[in-house]
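Tertiary structure, described
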Amino acid sequence: QVQLVESGGGLVQAGGSLSLSCAASGRTFRTYTMGWFRQAPGKAREFVGAITRTGGNTAYADSVQGRFTISRDNAKNTVWLQMNSLKPEDTAVYYCAATDTIFLRRTPAEYDYWGQGTQVTVSS
């Protein structure tokens, strides 16, 4: 089992950057593929990106490709989401999630553990 805690959200102007962190508890962090999702008011939770256990492979939603970057450090039990060139439509609560698989997963139902979320607001 793993517990996840996100941090780093806040208010930023369009075109700005934010870096989100997700700290994981437990010794098995390195065995989990990690994902980032977001949920805007009135909308379903959507995939942002994911990174495999070793960090060797990543996947991104088309809407963030080229602007967002996921990375991880298994020694620090942490995964990051670097967000650049932010747009007002990126405003949402951002969640990190973990799934016990070697594969990249894109749907919320495929993830076993979730953080509490952190708010990101991008003003125009």
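Described below are features of the structure shown in this document. (Residues numbered from 1 in each chain as written. Predicted model: local features only at pLDDT ≥ 70, side-chain atom pairs only at ≥ 80, totals over all residues. Heavy atoms only, no water.)

**Concerning the packing of aromatic side chains**
Worth spelling out the cut-off: Centre distance within 6.5 Å is the pairing criterion for rings of Phe, Tyr and Trp, where only the six-membered ring of Trp is used; planes under 30 degrees apart are then read as stacked, over 60 as edge-to-face, and the remainder as tilted. Helix and strand definitions follow DSSP, with helices as H or I runs of at least four residues and strands as E runs of at least two, each counted in order from the N terminus. Exposure categories follow from relative accessible area, calculated using a 1.4 Å probe and restricted to protein chains: below 20% of the type maximum is buried, above 50% is exposed, and the middle band is partly exposed.
Inspection of every chain in the model, using the stated rule, returns 6 aromatic pairs. With a centroid separation of 5.9 Å and 85 degrees between ring planes, the pair formed by Tyr32 and Tyr113 is classed as edge-to-face. With Tyr32 in the loop between β3 (18-24) and β4 (33-39) and Tyr113 in strand β10 (residues 113-114), the pair connects residues that are 81 residues apart, well separated along the chain. Given the relative accessible area of 6%, Tyr32 is considered buried. Between Tyr95 and Trp114, the aromatic rings sit 6.4 Å apart at their centres with planes inclined by 80 degrees, giving edge-to-face as the arrangement. You can see Tyr95 sitting in strand β9 (residues 92-99) and its partner Trp114 sitting in strand β10, a full 19 residues away along the chain. Its relative accessible area of 13% is what places Tyr95 among the buried residues.

**Let's talk about the nonpolar core**
Threshold: In these notes, a set of buried Ala, Val, Leu, Ile, Met, Phe, Trp, Tyr and Cys residues joined through side-chain atoms within 4.5 Å is what counts as a nonpolar core. Residue contacts are counted whenever heavy atoms from the two residues lie within 4.5 Å of one another.
One finds Met34, Trp36, Leu81, Met83 and Tyr94 to be the most contacted residues of the largest nonpolar core, which totals 35 residues. Listing elements by their share of this core, those giving two or more residues are β3, β4, β5 (46-51), β6 (58-60), β7 (68-73), β8 (78-83), β9 and β11 (118-123). With 5 residues, β9 is the largest single contributor of residues to this core. Residues in contact with Met34, not counting those within four places in the same chain, are Leu4, Cys22, Phe29, Gly49, Ala50, Ile51, Arg72, Val79, Ala97, Ala98 and Tyr111.

**A few points about the environment of Ile51**
Its location among the elements puts Ile51 in strand β5. Taking the C-alpha atoms as reference points, Ile51 and Lys76, separated by 25 residues in sequence, lie 15 Å from one another. Residues in contact with Ile51, not counting those within four places in the same chain, are Thr33, Met34, Asn57, Thr58, Ile70, Ser71, Arg72, Val79 and Leu104.

**A few points about the state of the cysteines**
Note the cut-off: Any cysteine sulfur atom paired with another within 2.5 Å is treated as part of a disulfide.
Inspection of every chain in the model, using the stated rule, returns 1 disulfide. Between the sulfur of Cys22 and that of Cys96 lies a disulfide, 1.9 Å long from S to S. Where Cys22 bonds to Cys96 through sulfur, the torsion about that S-S bond is close to 50 degrees, and the disulfide is right-handed. Pair noted here: Cys22 is in strand β3 and Cys96 is in strand β9, with a separation of 74 residues, a long-range link. Cys96 shares its class with Cys22; the two are buried.

**Observations concerning the pattern of salt bridges**
Rule in force here: Between Lys or Arg on one side and Asp or Glu on the other, a salt bridge is scored when a side-chain nitrogen of the former is within 4 Å of a carboxyl oxygen of the latter.
Enumeration over the complete set of coordinates arrives at 5 salt bridges. Its salt-bridge partner being Arg38, residue Asp90 comes within 2.9 Å of it at the nearest N-O pair. Of this pair, Asp90 sits in the loop between β8 and β9 while Arg38 sits in strand β4; the two residues are 52 residues apart in sequence, bridging distant segments of the chain. Accessibility expressed as a relative area gives 1% for Asp90, which makes it buried. Residue Arg67 pairs with Asp90 through a salt bridge whose shortest N-O separation is 2.8 Å. One end of the pair, Arg67, is in the loop between β6 and β7; the other, Asp90, is in the loop between β8 and β9, and 23 residues separate them in sequence.

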